[in-house]
Amino acid sequence: MAFQKTFVELCNGIGFQIELLLGTLARLPDLRRRMHSVADILYQGAVQGLHVVLLVGLFIGMIVALQTGIELQRIGQQDQIGTIVAISMAREMGPFITCTILAATMGSSMAAEIGTMAVSDELAALEVLSIDRIKLLVLPRLVAITIAAPLLTILCDSIGIFGGGFVAQAQLHVSSQLYYDSAVEALRDPAHLFPLPKDLYAGLFKSGVFGILIAIIGCSAGLRASGGALGVGKATRAAVRDSIIAIIVANYFITWMLYQQ
Amino acid sequence: MSPDTTERETVIRFRDVHKSFGSQHVLNGLSFEVRRGECLAVMGPSGTGKSVVLRHVIGLLKPDSGAVEVEGSEVSQLARKELSALRRRMGFLFQEGALINWLSVGDNVALPLRENTSMPEPEIRAKVLEKLALVRIPDAWDKMPSEISGGMKKRVGLARALITDPEIVLYDEPNAGLDPEISHSINELIRDVQRELHVTSVVVEHRVRCIKTVADRVLFLEQGRALLDLPPKEFFASDHPRLRQFLGVDPD
């Protein structure tokens, strides 16, 4: 019975999220009126969280370089470090790390802000005033994070490659010229559809999708919150947990879609 | 006060309304009517479904059985657009004001006009200032909800409820959390709004002083049903044992 109840709740939750996504996309023509809100959310979420992405991205690049570099050095292939760091960052680590940070920062604040509105009757007030809460609350958040995620991913990729270069030079004694040449060469593989390096656009596409998932999961957790401060805490926790799960699952399927031979 | 309200048309009608939340039966066959221009006070112990009554009127809740009619339409049967249109004719003052916490006082009051109408900004501004003056806070535009007192939040909430010039205004415990002095000024404000704008009002409240100031009729709820429905003078003079017991422990 407990399993059945959980399964029904899960289906209800996913149904609500799909409906919310479609409802938000249908309201995109209203975006012009919401640019001020989008800019506010972008500033609060992306600009104020920039240092976290940069710091984590730097260390991730350093870790990847160190982990792979030691093994490559053993077989005398350390000139490949640049290739491995660049591809890992662009394809996988950049979007994944950036969006995990965004899930924990922007996603949690979406759930907490909207959840607090739900438990303090503010959402009921919007309903009573016949104000469309998706237009007012969800649309600007979805657009802001979908802009923020790829932009921050580019920065995370870049600083990660830089961090890897630092480790390659200082600890593995690979010349920075060699490192950056191999990194640039690795990302040169063009895509079929766009004149952009495939690994770069694949990573940016991923982060855009992850951004949409974070916004929809965060906003729907907030909209469905009930039961005072405890309910807001529960919604915030669920938003971060579910966003990270969704990012990982979506990551596999996007990778499979883009890279299957 | 309006002594002739019995001859006016019915604006709100509850017919044998039942509502449960899980195993808790909150409304148990509630029936009453509110006529145009009248101010009905709904009184009763906590947990008897007073706020639930208001939420049925504005369509935030649907009855399990029975019917809630507003302006001749059954609220739970209305399509989304019709319900929106009906809600625009109603104002609702929430217990804590329910102001949007990231918008200033002025922007809170302006929100329904900005979102739902194509009114030019200068006209919106003028209308908001008019409503802020009506609730006696003409200079509060730039204040944020976190910076203002409970009484002021209720005034802003009332200004926002009145911004669309509603014909029906619903008040959910307007005195809750306020000291006697501020409560008195809010009660006078409700009475003045009633007199100046000729609206139909339902006030959920258990403070005697508030009811004596604003009500034309008092409905006493007990276990989800109407136990008494009388004008204030007769209501407070009634020797009904349950009412005497309730008023005996009332702080007012």
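Note that the coordinates shown come from a computational prediction; the quantities given were computed from them, not determined experimentally.

What counts and what doesn't
Residues numbered from 1 in each chain as written. Chains lettered and ligands numbered in written order. Predicted model: local features only at pLDDT ≥ 70, side-chain atom pairs only at ≥ 80, totals over all residues. Helix = DSSP H or I, 4+ residues; strand = E, 2+ residues; numbered from the N terminus. Rg over C-alpha atoms; globule rule 2.2 N^0.38 Å. Buried ≥ 20, exposed ≤ 12 C-beta atoms within 10 Å, placed from the backbone. Pairing = 2+ DSSP bridges. Contact = placed C-beta atoms within 7 Å. Nonpolar A, V, L, I, M, F, W, Y, C, P; charged D, E, K, R; others polar. Axes fitted to C-alpha atoms, helices over the stretch in contact; angles between N-to-C directions. Parallel < 35°, antiparallel > 145°, perpendicular 65-115°, else oblique. Left-handed = near helix turned anticlockwise from the far one by under 90°. Core = buried A, V, L, I, M, F, W, Y, C linked by C-beta atoms within 7 Å.

**Student:** How would you explain the overall build of chain B if you had to name every residue and give the values?
**Tutor:** Along the backbone of chain B there are nine helices and ten strands. In terms of overall dimensions, chain B is globule-like: its C-alpha atoms have a radius of gyration of 18 Å, near the 18 Å expected for 252 residues. With respect to the principal axes defined by its C-alpha atoms, chain B has extents near 55 × 45 × 40 Å. The buried share of chain B, taken over its 252 residues, is 43%.

**Student:** Which residues make up the overall build of chain A, and what are the values?
**Tutor:** The number of helices and strands found in chain A is nine helices and zero strands. For chain A, the α and β elements follow one another from N to C terminus as α-α-α-α-α-α-α-α-α. Expressed as lengths along the three principal axes of its C-alpha atoms, the size of chain A is roughly 70 × 45 × 35 Å. Sorting the 261 residues of chain A into buried and exposed places 46% on the buried side.

**Student:** Now, about the sheet that holds strand β2 (residues 24-35) of chain B: what can you tell me, with residues and values included?
**Tutor:** Residue and element names in this part refer to chain B. Taken in spatial order, the four strands make up an open sheet running β2-β1-β4-β5, and their pairing is antiparallel. Of all strands in the sheet, those with a lone pairing partner are β2 and β5 (73-74), marking the two edges. One ladder, built from nine bridges, connects strand β1 (residues 10-21) with β2; its direction is antiparallel. Its bridge partner being in β2, I12 is matched across the sheet by V34.

**Student:** So what's going on with the interface of chain B and chain A? Which residues, and what values?
**Tutor:** Each side of the interface is counted separately: chain B has 14 residues, and chain A has eleven residues. At four residues, helix α3 (residues 105-116) of chain B tops the list of elements feeding residues into the side of chain B that touches chain A. Residues of the side of chain B that touches chain A, tallied by class, amount to eight nonpolar, two polar and four charged.

**Student:** Can you explain the sheet that holds strand β8 (residues 200-204) of chain B? Please cite residues and give values.
**Tutor:** All names here are of chain B. Spatially, six strands are ordered β6-β7-β8-β3-β9-β10 in an open sheet, and the strand pairing comes out mixed. At either end of the open sheet lies a strand with only one pairing partner, and these are β6 (90-93) and β10 (225-230). Strand after strand, the sheet turns through a mean of 15° between neighbouring axes, direction not considered. Where strand β3 (residues 39-43) meets strand β9 (residues 217-222), four bridges bridge the pair, whose relative direction is parallel. Bridge pairing in β9 links V42 to L219. On top of the sheet, helix α1 (residues 50-57) reaches β3, β7 (168-172), β8 and β9; it is set at about 150° to β8, its chief contact.

**Student:** Describe in detail the pairing of β10(B), supporting the description with residues and values.
**Tutor:** Residues and elements named next belong to chain B. Summarising the sheet, β9 and β10 pair through five bridges and their orientation is antiparallel. Within the sheet, the bridge partner assigned to E222 lies in β10 and is R225. Counting the residues between successive antiparallel strands, the hairpin from β9 to β10 contains two residues, one of them, Q223, with a positive phi of roughly 50°.

**Student:** Can you tell me about unusual backbone geometry, naming the residues and giving the values?
**Tutor:** The residue A:H173 is not glycine, and still its phi comes out positive at about 60°. By the element assignment, A:H173 lies in the loop between α6 (133-170) and α7 (176-186). A positive phi is found at B:E71, a non-glycine position, where the angle reads about 50°. Assignment of secondary structure puts B:E71 in the loop between β4 (65-70) and β5.

**Student:** Run through the packing of helix α8 (residues 198-223) of chain A against helix α9 (residues 228-259) of chain A, naming residues and quoting values.
**Tutor:** Geometry of a packed helix pair, given as the angle between the helix axes and the separation of the axes. Residues and elements named next belong to chain A. Relative to each other, α8 and α9 sit at 150°, their axes nearing to 9 Å. Overall, the two elements α8 and α9 adopt an arrangement that is roughly antiparallel. Handedness of the α8/α9 crossing: right-handed. Counted together, A202, K206, V209, F210, L213, I214, I217, G218, A221 and G222 of α8 and A235, A238, A239, D242, S243, A246, I247, A250, N251, I254 and L258 of α9 form the full contact between these two elements. For the contact of α8 with α9, the class distribution of residues is 15 nonpolar, four polar and two charged.

**Student:** Any details on the nonpolar core? Residues and values, ideally.
**Tutor:** The biggest cluster of nonpolar side chains holds 142 residues, and the ones touching the most others in it are A:I214 and B:L170. In terms of residues, this core owes the most to one element, helix α4 (residues 81-119) of chain A, which gives 19 residues. When sequence neighbours within four positions are dropped, the list of residues in contact with B:L170 reads B:L54, B:V57, B:I58, B:M90, B:G91, B:F92, B:L93 and B:V202.

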